[in-house]
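Residues per chain, in single letters:
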Amino acid sequence: MPPSEPTAATDALMTVAFLLKLRRELKEPFPAPPPVILFSGSGRNSSKGLRRQKRDWVIPPINVAENSRGPFPQMLVSIRSDQDQDISIRYSITGVGADQPPNEVFNIDPVLGKMFVTKPLDREHRSSYHLRAHAVDMNGNQVENPIDLYIFVIDMNDNRPEFKNQVYNGSVDEGSKPGTYVMHVSAFDADDNTTANGMVRYRILSQMPHSPIPNMFTINSETGDIVTVAPGLDREKVSQYTIIVQATDMEGNLNFGLSNTATAIITVTDINDNPPMLTSRTFSGEVPENKVDIVVANLTVIDADQPHSPNWNAIYRIISGDPSGHFTIRTDPVSNDGMVTVVKPVDYEMNRAFMLTVVVSNQAHLASGIQSSLQSTAGVTISVQDVNEAPYFPTNPKHIRFEEGIPAGTTLTTFSASDPDRLQMQQTIRYSKLNDPADWLSINRTNGQIITTAILDRESVYVKNNIYEATFLATDNGSPVASGTGTLQIYLIDINDNSPALIPKESQICERMSKNVNGVNITAADDDTDPNAGPFVFELPKIPASIRRNWTISRISGDYARLGLRYQVYLEPGVYEVPVIVLDSGNPPLSNRSIIKVKVCPCDEHGDCTTLGAVAAAGLGTGAIISILICIIILLSMVLLFVVWIKRREKERQTKQLLIDPEDDVRDNILKYDEEGGGEEDQDYDLSQLQQPDSLEHIISKPPGVRRVDERPIIPESQYPIRPVVPHPGDIGDFIHEGLRAADNDPTAPPYDSLLVFDYEGSGSTAGSVSSLNSSSTGDQDYDYLNDWGPRFKKLADMYGGGVED
């Protein structure tokens, strides 16, 4: 039999699917037993000697229902070869679900060729399997060509529809017409959507609130689009709807289908369908004159639209009653009220009241078909309050022109002010001077007449750009008192009242003028302005005659001239005072005789003064220079001698004996004795070297000049000093000098500049305490030995030894 076309397998698959569906619908078991599939093999020789040709079979797909309850393993099909009667055949299957993951979903009896499914199948996990069946002999040799087995999992309605979102949000404008699209909801069913198991249908279960009707919306059962079904959406009544939507499979069959629900929240959006309405047809307020940026009236409005949205925000306009633009209306962003504000000062004398017509509208245009309310227009009456206004100067600043130099007492002008309060009682204005920098002016208190009190000078530092400025005050007698200021600017016309002054005052020139050497360029300065300043005329006076004989002036320009020596005239180096007469161009002109100091000096080839020439020109002759040099030499010699004397003095000090130089004696200075240190116990010094030895035998044994009296005695110390056998020096000074001489001649003594510490007395000092010499002694001590210590201890010996005071 020839191979079948691919459409045959498709037709067979569709036939099986139809039968399965029909079985589910009729709830009848599948009538057909498991089919038997034969391998196409080589035929045996017929009795007539003909040979059978091998042919391939197209195996119809095997359909297995998902979620089968078994029992398992459940036989699906039998596979056998037509050679199984001649030889032993072994059967096997390969592919996904057999020997590939997921393994062992299907197996086959290798001897009988029966194929089984071992567990329930899930179409949503895998909808089909492709296996291959094999037939081999006992030696593993292929007996038949492998055949393809297609196993399809038949869908069952085991999945509910699932919404993508549990809550859906949508919106629709209020006043929308029926059929207006609102939002879309969708659900997904995992079952086969080509069958009724996966076909989902939608419906609305409930709507909250029910106003104005309980079915304001409908849903397309197949697409899930929600649209309006009735008019009457009004945000001001219902701003939000909550709808419960149900999705059911089995094409919406509530008896057999599975269902699920979701919530759709529909917000009714605002449109400008409510015009703003003023709460009153008339409003009133009052404003003080000359005040700005103050609120004089408050307009209130109501609007049912969404607050703080363009449909609610109010815009106020003045359509009449304010031609000059004195007022504007600003909207309060919180309350939406209109605040009538003054932006331009009002004058009570010009307008005592204003009658404004105000209209209010929204920021957004009204919706189509909505008419503006009559309550959107109102009248506003603004009363103007009269206040005492300050006097003002009609011309401010006021400009006048006068020549400088006018005498004191001259009347310049009348600077009067006006009072804007013309409708009140006539008020009196008084004038006073507020600022007069040079104190040149005075003002009449009652009529404002300006009179000079000093000569006006254009060249004064108080005049800027020929203008002198003064400020005056005008004050009324109202309640409260008000005042205004006015500025008077006086333009001072220049007159020729300043003589020119020569510039420069000093210069230098070469003693021998040549044709190639220029003189001194001079000019003049004049505080006046044109035409009373330059051009200037420069002249040399006729007296003394030597001026014109030695000097000459030549004109360079209208403001400059050159002063120089006459040709072949020689002057000694020095400073010469040359008088020059300068005249300005005033009418009549003013002149000034000025002195220029010209330093005449020798010059080099470039026309510059030499150093020696500059000194000579300063007025110092050769003798004076020599005298200065001699003085300098004498001063240096004195400094040198002083240094040598200091060095010699220092050297002499270093060669002196150890005793203090009389000039360095500090006994008359203030010495500090209140730092006692740590006491005798805290020091580790042997101060016995400073004590008078009790025995002088070891000293007497030394040769003369080597004997020392500061050596510590070897004998045990007694409680009180013992009178030495040898006569003691009569004076403590002699004692010190003798000890010093012995120390200098003793080769074993330390250097005289070694560190010596004298403030340690020791714990058992043989000096004893001064307190032992008090007057309460019992008399068992003999102090007569103090008489032998010299005249400085005689007084102490008389006090304690019983001697007679001198």
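One structure accompanies this document, and this report is about it. These numbers were taken from a predicted model, which means no experiment stands behind them. (Residues numbered from 1 in each chain as written. Predicted model: local features only at pLDDT ≥ 70, side-chain atom pairs only at ≥ 80, totals over all residues. Heavy atoms only, no water.)

**Some points on the sheet that holds strand E16 (residues 240–248)**
Then step 1. Spatially, four strands are ordered E10-E17-E16-E13 in an open sheet, and the strand pairing comes out mixed. On the outer flanks of this sheet lie strand E10 (167–173) and strand E13 (201–208), each paired with one strand and no other. When the angles between neighbouring strand axes are averaged without regard to direction, this sheet yields 30°.
Then step 2. As paired elements, E16 and strand E17 (residues 259–269) share nine bridges and run antiparallel to each other. Looking across to E17, one finds that Thr242 is bridged to Ile265. (Pairing = 2+ DSSP bridges. Helix = DSSP H or I, 4+ residues; strand = E, 2+ residues; numbered from the N terminus. Axes fitted to C-alpha atoms, helices over the stretch in contact; angles between N-to-C directions.)

**A word on the sheet that holds strand E2 (residues 62–65)**
Then step 1. What the four strands build is an open sheet, ordered E2-E8-E7-E4; its pairing is mixed. The open sheet is flanked by E2 and strand E4 (90–95), the only strands paired with a single partner. Geometrically, the sheet is characterised by an average inter-axis angle of 30° between neighbouring strands, direction not taken into account.
Then step 2. As paired elements, E2 and strand E8 (residues 142–154) share four bridges and run parallel to each other. Bridge assignment links Ala65 to a residue of E8, and that residue is Ile154.

**With respect to the pattern of salt bridges**
Then step 1. Inspection of the entire model under this criterion finds 10 salt bridges.
Then step 2. The residue Arg123 makes a salt bridge to Asp155 at a minimum N-O spacing of 3.0 Å. Taken together, the residues span a long stretch of sequence, with Arg123 in the loop between strand E6 (114–117) and strand E7 (128–136) and Asp155 in the loop between E8 and strand E9 (162–163) at a distance of 32 residues. Neither residue differs from the other here; Arg123 and Asp155 are each classed as buried.
Then step 3. Of the charged contacts in the structure, one is a salt bridge between Arg458 and Glu459, with a shortest N-O distance of 2.9 Å.
Then step 4. Of the residues examined, Glu459 reaches a relative accessible area of 21% and is grouped as partly exposed.
Then step 5. Within the structure, one salt-bridge network assembled from shared partners comprises Arg123, Glu124 and Asp155. (Salt bridge = Lys/Arg side-chain N within 4 Å of Asp/Glu carboxyl O. Buried < 20%, exposed > 50% of the residue type's maximum accessible area, 1.4 Å probe, protein only.)

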